[in-house]
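Next come the chains, spelled out residue by residue.
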Amino acid sequence: MAIVATNNSWFSVLTSTYTSPCCSLSYYQRQLSTSYRSIPLATSPKAISQKSRDSKKQSPSSGKIKIRRETEAFSQKKRLAKENPQSYADAEHGKANVGRTRLTAFKSFGTQKKDKKGFLNDLKEQQVETGNLQDAAFLNAVVKVYCTHTSPDYSLPWQKQRQYTSTGSAFMIGDGKLLTNAHCVEHDTQVKVKRRGDDTKYVAKVLARGVECDIALLSVESEEFWKGAEPLRFGRLPRLQDAVTVVGYPLGGDTISVTKGVVSRIEVTSYAHGSSDLLGIQIDAAINPGNSGGPAFNDQGECIGVAFQVIRSDEVENIGYVIPTTVVSHFLNDFERNGKYTGFPSLGVLLQKLENPALRACLKVQSNEGVLVRRIEPTSDSHNVLKERDVIVSFDGVRVGSEGTVPFRSSERIAFRYLISQKFAGDVAELGIIRAGAFMKVQAVLNPRVHLVPYHIEGDQPSYLIIAGLVFTPLSEPLIDEECEDTIGLKLLAKARYSLARFKGQQIVILSQVLANEVNIGYEDMGNQQVLKFNGTRIRNIHHLAHLVDSCKDKYLVFEFEDNYLAVLDREAATSASASILKGYGIPSERSSDLLEPYVDSSRGDQELDQDFGDSPVSNLEIGFDGIIWA
């Protein structure tokens, strides 16, 4: 698996620092993260809400890895406050709760057991500009990113949260474009960049944002910004122990920073921001908050990747991660092909390793190779060509080992899903399979995975529908984060973790809350319950619910929830009360703008909806135990 789990360890996307009038605060305290159960040589994904993740205590016996996208501005602020209490006396009165995260959730970056002297020595050793790099031309291609963010409020979907700012790093790639991390410019309202040695900030525009690969493409129209600029050259995938230099604008100062190390490991890695698995480079060079989006160079001054996250633990040190140029090239080629980012494809099958000889013999697999198809996603093309208990022994002619690995370079092996990630949406893959002892070849079209409960919401506003004070919205991971797991309930959490979408566009629609009014009296305490039917019709998604309500001519509006709970409204009374409810609660519209578009039915019939939800988790990572993986 991509990660060998250690107790109390976290992946952290290294974004920049939140800036308030009084202090620096972590920007990515606010964002989504994913938690994993620690299993020997494997991890089992299980999404956890943001508030519970931030406040939940780490138990050594539970062995949990938390993938978190937050920075450690507070750790340094506290150390500096001890050295100069007067300078930080007013900082404690700042808006330190903007991120809705407890301070106890933060751990220092690689200095947990160092005193002040050790901390200063660490800065001297790792973050000074060395003589042979100080005047290097490629350093001038690295810029500082200033972003203002305004995140949606998923609990109150008609409004947004208070804006906040962050800083990060980016670099020039030519043709008037810059590369940075997607999490650096997520929910952006304004992006500005500043070159090294310049005091002018220039407005930048986000052209594309790849959530899965955590890469964003920026453009700057100002010709003044590009005067004398030389774009970086991309290098090959490095080898183990190759020297690497990370450049960026991390916490600790305003000028450019350089840290050096070596390549420690190259394998399929968990990407915290996108909750995905892609090729990643592990390095031991110091990567700190604000390094996100900055380039990593080899000895020839070529860019070999983009710094984006670290793993933090009391038991390990200096484990940082870089997005390799192979992933960067995939992102850029995808944008060039389609004019937008379409994503990394998926085979859509749940696989089991075939290490056991008896298992291989039972499946009539003669050699020590192949992986067992355990489950197939209904929305994938593989559902039409593969069957459960098929054994995949090759992918585009590359033999697949019994551990789910394929050859990689000269003397290495890598996870099978690496080959899938090299494809583009719509590409066709040839699979060699063994079915009931007979070998055959089939072809499957690869497309991005369809998530029943998405990790990220497209657009600037979550969908919502308000009917006489009843607020309906689709279930999503950001909503679970804001509401906390305790208020969502076990049934909804189980569906969010273990359900598979049966057709594109399917959603779990919930009653988020009830805005109290005479027309909905008796329903005020309802909240976070899935609505299954409206007037006897099974609900496919929130757009379908809005269509059913708009076309209803019956006297009553009947909503059926889990456990046969009913909410009935008089249609005429509900229509009359809607305007006063919206005015009383200061809500501009009864529905989000996307629900104003005509409804288009994308399902294949109600029989799909009547089936029970699947019993298999829907993560990109290995699940359950080391023998089961998603491709």
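Analysis parameters
Residues numbered from 1 in each chain as written. Predicted model: local features only at pLDDT ≥ 70, side-chain atom pairs only at ≥ 80, totals over all residues. Heavy atoms only, no water. Helix = DSSP H or I, 4+ residues; strand = E, 2+ residues; numbered from the N terminus. Buried < 20%, exposed > 50% of the residue type's maximum accessible area, 1.4 Å probe, protein only. Contact = heavy atoms within 4.5 Å. Areas by Shrake-Rupley, 256 points an atom, 1.4 Å probe, with all protein chains shown as cover. Pairing = 2+ DSSP bridges. Salt bridge = Lys/Arg side-chain N within 4 Å of Asp/Glu carboxyl O. Expected span 1.5 Å × (residues − 1). Axes fitted to C-alpha atoms, helices over the stretch in contact; angles between N-to-C directions. pLDDT = per-residue confidence, 0-100. Polar contact = N/O pair within 3.5 Å; in protein donor to acceptor, adjacent residues only side chain to side chain. Patch = residues over 30% accessible without salt bridge, like charges linked within 9 Å, V, L, I, M, F, W, Y side chains within 5 Å. Phe/Tyr/Trp six-rings, centres within 6.5 Å; stacked < 30°, edge-to-face > 60°. Lys NZ or Arg CZ within 6 Å of the ring centre and 35° of its normal.

**A look at the overall build of the protein**
Of the regular secondary structure elements, the protein holds 14 helices and 34 strands. A total of 631 residues make up the protein; the buried ones form 58% of that total. Considering only residue pairs separated by 6 or more positions, the protein has 69% of its internal contacts joining residues 24 or more positions apart. Surface accessibility of the protein: about 26,600 Å² in total, with carbon and sulfur atoms responsible for 47%.

**Here we look at the pairing of strand S25 (residues 428-435)**
Of the pairings in the sheet, the one linking strand S21 (residues 391-395) to S25 comprises four bridges and is antiparallel in character. Its bridge partner lying in S25, Ile392 is registered against Ile433. In this sheet, strand S26 (residues 438-445) lies alongside S25 in antiparallel orientation, the contact comprising eight bridges. Among the inter-strand pairings, Ile433 is bridged to a residue of S26, identified as Met440.

**Quick notes on the pattern of salt bridges**
Inspection of every chain in the model, using the stated rule, returns 19 salt bridges. Close ionic contact of Arg236 with Asp242 constitutes a salt bridge, the shortest N to O distance being 3.6 Å. A salt bridge links Asp550 to Arg591, with the nearest nitrogen and oxygen atoms 2.8 Å apart. Here the residue Asp550 occupies a position in helix H12 (residues 542-550), and Arg591 occupies one in the loop between helix H13 (571-584) and helix H14 (606-610), the gap between them amounting to 41 residues. Beyond isolated ion pairs, a larger network of salt bridges with shared partners links Asp550, Glu590 and Arg591.

**Examining H13**
The terminal C-alpha atoms of H13, which comprises 14 residues, lie 20 Å apart, in line with the 20 Å expected from a rise of 1.5 Å per residue. Its buried side turned inward, H13 meets strand S27 (465-467), strand S32 (556-561) and strand S33 (566-570). Two residues or fewer after H13 comes Gly586, characterised by a positive phi angle close to 65 degrees.

**Describing the sheet that holds strand S12 (residues 215-219)**
The pairing of strands in a sheet comes from backbone hydrogen bonds and takes either a parallel or an antiparallel form. If you walk around this closed barrel you meet the six strands as S7-S8-S9-S12-S11-S10, and the pairing is antiparallel. The sheet shows a mean angle of 40 degrees between the axes of neighbouring strands, direction not considered. Alignment of strand S9 (residues 177-180) against S12, held across four bridges, turns out to be antiparallel. Residue pairing across strands places Leu179 opposite Leu217, the latter belonging to S12. This element, helix H5 (residues 325-338), spans strand S8 (164-174), S9, strand S11 (202-210) and S12 of the sheet and lies at about 55 degrees to S12.

**Describing the confidence of the model for the protein**
Per-residue pLDDT for the protein has a mean of 79; in total, 74% of the residues score no lower than 70. Here residues 1-10 is modelled with pLDDT under 50, and outside its nearest four sequence neighbours on either side it reaches 55 contacts, counting other chains as well. Predicted confidence for residues 15-131 stays below pLDDT 50, and this span has 304 contacts to residues more than four positions away or in other chains.

**Side note on the environment of Gly280**
Turning to its location among the elements, Gly280 is positioned in strand S15 (residues 276-283). Judged by its relative accessible area of 1%, Gly280 falls in the buried class. Once you skip the residues sitting within four places of it in the chain, Gly280 turns out to touch Arg265, Ile266, Glu267, Thr269, Tyr271, Val322 and Pro324.

**A short note on unusual backbone geometry**
Of note, Asp214 is a non-glycine position whose phi angle comes to about 55 degrees, a positive value. As for its position among the elements, Asp214 is in the loop between S11 and S12. Since its relative accessible area comes to 1%, Asp214 is described here as buried. The backbone of Lys364 sits at a positive phi, close to 65 degrees, despite the residue not being glycine. Note that Lys364 resides in the loop between helix H6 (357-362) and strand S20 (371-376). On the accessibility criterion, Lys364 (48% relative accessible area) is partly exposed.

**Points about the side chain of Asn528**
Residue position: Asn528 is located in the loop between strand S29 (509-514) and strand S30 (529-534). Engagement of the side chain of Asn528 in a polar contact is seen with the backbone oxygen of Thr487, the distance being 3.2 Å. Beyond its immediate sequence surroundings of up to four residues, Asn528 is in contact with Glu483, Thr487, Ile488, Leu492, Ile510, Leu511 and Ser512.

**Observations concerning a nonpolar patch on the surface**
On the surface, a cluster of nonpolar side chains totalling about 260 Å² of accessible area is made up of Tyr556, Leu566 and Val568. Within the secondary structure layout, Leu566 lies in strand S33.

**Examining the packing of aromatic side chains**
Both the distance between ring centres and the angle between the ring planes are used here to describe each pair of aromatic rings. On inspection of all chains with the given rule, the structure shows eleven aromatic pairs. Relative to Phe559, the ring of Phe534 has its centre 5.1 Å away and its plane inclined at 55 degrees; by these criteria the two rings are tilted. Within this pair, whereas Phe534 is found in strand S30, its partner Phe559 is found in strand S32, the two being separated by 25 residues in sequence. With respect to class, Phe534 is no different from Phe559; both count as buried. Seen from the ring of Tyr146, Lys201 lies directly overhead, with NZ or CZ sitting 3.9 Å from the centre. Lys555 extends its terminal NZ or CZ atom over the ring of Tyr556, reaching a point 5.4 Å from the ring centre.

**Details of the pairing of strand S28 (residues 470-474)**
Looking down a regular strand, the side chains alternate between one sheet face and the other. Of all five residues in S28, five are buried, a share of seventy percent or more. Burial along S28 is two-sided: the residues Leu470, Phe472 and Pro474 and Val471 and Thr473 are all buried. The pairing of S27 with S28 spans three bridges and is antiparallel. Looking across to S28, one finds that Ile467 is bridged to Leu470. Between the antiparallel neighbours S27 and S28 lie two residues, among them Ala468 with a positive phi of about 50 degrees. Where S28 and S29 come together, five bridges link them in antiparallel fashion. Bridge assignment links Thr473 to a residue of S29, and that residue is Ile510.

**Re the side chain of Ser578**
Turning to its location among the elements, Ser578 is positioned in helix H13. Leaving out residues up to four positions away in the same chain, Ser578 has contacts with Ala468 and Glu590.

**A word on the environment of Lys201**
On the secondary structure map, Lys201 appears in the loop between strand S10 (188-194) and S11. By relative accessible area, Lys201 is classed as partly exposed at 40%. Separated by 57 residues in sequence, Lys201 and Lys144 have C-alpha atoms that sit 9.2 Å apart. Excluding residues within four positions of it along the chain, Lys201 makes contact with Tyr146, Lys192, Val193 and Lys194.

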